[in-house]
Number of protein chains: 2
Amino acid sequence: MKIPPIAITRLSVYARNLELLDQKGVEVVSSGRLADACGVNPAQIRKDLAYFGQFGVRGVGYYVKELSLEIRRILSLDKTWRLCVVGVGNLGSALLRHAQFIDGSYTFVAAFDRKPKRIGARIGGIEVSPIEAILDVVKNTGVEIGVIAVKPKSAQEAADMLVKAGVRGILNFAPIQLQCPAKVFIENVDFGLKLEVLYYKLTAASSRPHRRHMKAGQVIVPKPKEPPNKSFLV
Amino acid sequence: MKIPPIAITRLSVYARNLELLDQKGVEVVSSGRLADACGVNPAQIRKDLAYFGQFGVRGVGYYVKELSLEIRRILSLDKTWRLCVVGVGNLGSALLRHAQFIDGSYTFVAAFDRKPKRIGARIGGIEVSPIEAILDVVKNTGVEIGVIAVKPKSAQEAADMLVKAGVRGILNFAPIQLQCPAKVFIENVDFGLKLEVLYYKLTAASSRPHRRHMKAGQVIVPKPKEPPNKSFLV
DNA sequence: GTATGTGAAACCGTTCACAGCA
DNA sequence: TGCTGTGAACGGTTTCACATAC
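Cut-offs used in this document
Within every chain, residues take consecutive numbers counted from 1 along the sequence as written. Think of it this way: whatever chain is written first is A, whatever ligand is written first is 1, and the rest follow in order. Residues qualify for local features only when their pLDDT is at least 70, as the model is predicted, and side-chain atom pairs are given and counted only at 80 or more; totals for whole chains, interfaces and linings, by contrast, use all residues. By convention in this description, side-chain values take in all heavy atoms of the structure and omit both hydrogens and water. Patch membership requires over 30% relative accessible area and the absence of a salt bridge. Like charges are linked within 9 Å, and nonpolar side chains (Val, Leu, Ile, Met, Phe, Trp, Tyr) within 5 Å. Accessible surface is estimated by sampling points in the Shrake-Rupley manner with a 1.4 Å probe; for residues, cover comes only from the protein chains shown. Just to be clear on terms, a salt bridge is a Lys or Arg side-chain nitrogen sitting within 4 Å of an Asp or Glu carboxyl oxygen. Here's how the labels work: a residue is buried when its accessible area is under 20% of the maximum for its type, exposed when over 50%, partly exposed in between, all with a 1.4 Å probe on protein chains only. A run of DSSP states H or I qualifies as a helix once it reaches four residues; a run of E qualifies as a strand once it reaches two. Both are numbered from the N-terminal end. In this scheme, a helix's expected span is set at 1.5 Å multiplied by one less than its residue total. When the copies are superposed, the least-squares fit takes in the C-alpha atoms of residues with a pLDDT of at least 70 in both. Here, two residues are considered to be in contact whenever any of their heavy atoms come within 4.5 Å of each other. Whether a residue is near a molecule or strand is decided by its heavy atoms; if any one of them lies within 4 Å of it, the residue is near. Counting of polar contacts relies on pairs of N or O atoms within 3.5 Å, with two restrictions inside protein: one atom must be capable of donating a hydrogen and the other of accepting it, and residues adjacent in sequence are counted only when both atoms are side-chain atoms. The pairing criterion is simple: DSSP has to find at least two bridges between the two strands. Orientation is described by lines fitted to C-alpha atoms, with helices fitted over the stretch in contact, and by angles between N-to-C directions that extend from 0 to 180 degrees.

## Section: a nonpolar patch on the surface
Residues Val28, Val57, Val60 and Tyr63 of chain A make up a contiguous nonpolar surface patch of roughly 300 Å² in combined accessible area. By relative accessible area, Val57 of chain A is classed as partly exposed at 37%.

And the structure:
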């Protein structure tokens, strides 16, 4: 069966909201209620889940704990993934330090940088190694995913080294499109792109306003029927 | 005319690649060449541009400098947007410090935090103010976009304060869906979501491999005809 | 009665294919 | 001739609507 790529991102969102519901003590939830929480259509949730199995009870809904677990299994959130980061500048260090306080699905096991004065430093409990060590360290420590947090100019080189060392996935924070063999999966996190989308929206909204003034006697419509904002899916 | 939302993100990508071409001294580019650089279909570029006007010359292509300028104008990259950040922990400070080295379309004019010991510190040249100051400072300094870099628990509160203070756009790094009035535009940067998509892909790829072994006498296909990876479009 | 699971329909975005123009 | 601009065809995703099951 063909699974729309965006459905995977939605599963992550469902998982998050299910955890929140569980924390609140909610035991059963319908696709309608979960859809409200996630900002999507109820049928979409049922379709997305249907790609992977049947998790609900007709006439009842979904058991929160159970569904949460199922989705976590689908997304492999039930293991601890081993990551390394290349580049411990502002962003790289922030990621390392952030991870140390998160009890999550991943852990950093190595960090690399090119600048000699950064080598040997400990950031977020991880010692920084020279980039030449990538090949050995990645292999020896079983790193599965490499995080690229270097400047755009060095990003492709970092990717090449990570691929050579055997990582199977790359999370790329540099604003360039990496070239990698198809067997290596790449996800990009690009806040510059998001910012530029914001610029456009702000500009478009103020240059062509479509909110009309009310005329006397005009009735206030109870629900403006705003379509849900789905920008979180990127 | 209805413009597909992702088209805006692609325009950003086109702009980046046009700048690279310009730096290389390329003066004219066809949709085909630009498409190769951007990893999209040539017709897509022409369609995306057609939403905003006619920028090319038939039989020739697009003048790099000119098109670059046009797109920058469409995205309002030709002004300096005024940003503030709420939360100067690992991520918030990294953003402030990063911005100070970028000669770009934005500048941070204020930073806020709740923790008393962070107040008054200077990060990336910006002094940190208490969150209670948001209302005044945002109004007085003309902040247009607020960046949320606080913990998920405080993110909605930060958003409320920013909205009250009059920002028109929010760049949200917290992994929750913010509730805001429709007039305020929100873009989310959520590396956790990206990471979880990677988990899924890595798991799916190894649990059901589709690369078959070659049989004797089998012909090597010259181009495997891989569809372009569009994950950069968030 | 109520909510899931799922074909069918509607919708939206992408790509094709070619007319139009330098 | 070569490449843009664009209607039409295509393919994928979302939503509807209802049969199904508790």
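After presenting the structure, the write-up continues.
## Re helix α8 (residues 191-207) of chain A
If you check α8 of chain A, its first and last C-alpha atoms are 24 Å apart, about what 17 residues at 1.5 Å a residue would give, namely 24 Å. Inspection of α8 of chain A places Leu193, Lys194, Leu195, Glu196, Val197, Leu198, Tyr199, Tyr200, Leu202 and Ala204 of chain A among the buried residues, and these make up the whole buried set.

## Points about the relation of the copies chain B and chain A
Expressed as a screw operation, the relation of chain B to chain A combines 0.0 Å of axial shift with a rotation of 180°, fitting to an RMSD of 0.1 Å. Interpreted geometrically, this transformation is the action of a two-fold axis. A shared interface surface links the copies, since 98% of the contact residues of chain B are contact residues in chain A too.

## A word on the protein's contact with DNA strand C
Near DNA strand C, the surroundings consist of 26 residues, among which Ser31, Arg46, Gly59 and Tyr62 of chain A together with Arg10 of chain B are the closest. Separating a sugar or linking oxygen of DNA strand C from a side-chain N or O atom of Gln54 of chain A is a distance of 3.1 Å. In the model, a base nitrogen of DNA strand C is placed 3.1 Å from a nitrogen or oxygen of the Arg58 of chain B side chain. Those elements giving two or more residues to the surface near DNA strand C turn out to be α3 (42-50) of chain A together with α1 (5-23) and α3 (42-50) of chain B. Top element by residues in the surface near DNA strand C is α3 of chain B. It accounts for 4 residues.

## Examining the sheet that holds strand β4 (residues 106-113) of chain A
If you trace the 7 strands from one edge of the open sheet to the other, you get β5-β6-β4-β3-β7-β8-β9 (chain A), paired in mixed fashion. A single partner strand is all that each edge strand has here, and the edge strands are β5 (122-123) and β9 (185-188) of chain A. Helix α6 (residues 134-141) of chain A contacts β3 (81-86), β4 and β6 (126-130) of chain A of the sheet and is inclined by roughly 165° relative to β4 of chain A. Strands in contact with helix α8 (residues 191-207) of chain B are β3, β4, β7 (145-148), β8 (169-172) and β9 of chain A; relative to β9 of chain A, the strand with the most contacts, it is inclined by about 170°.

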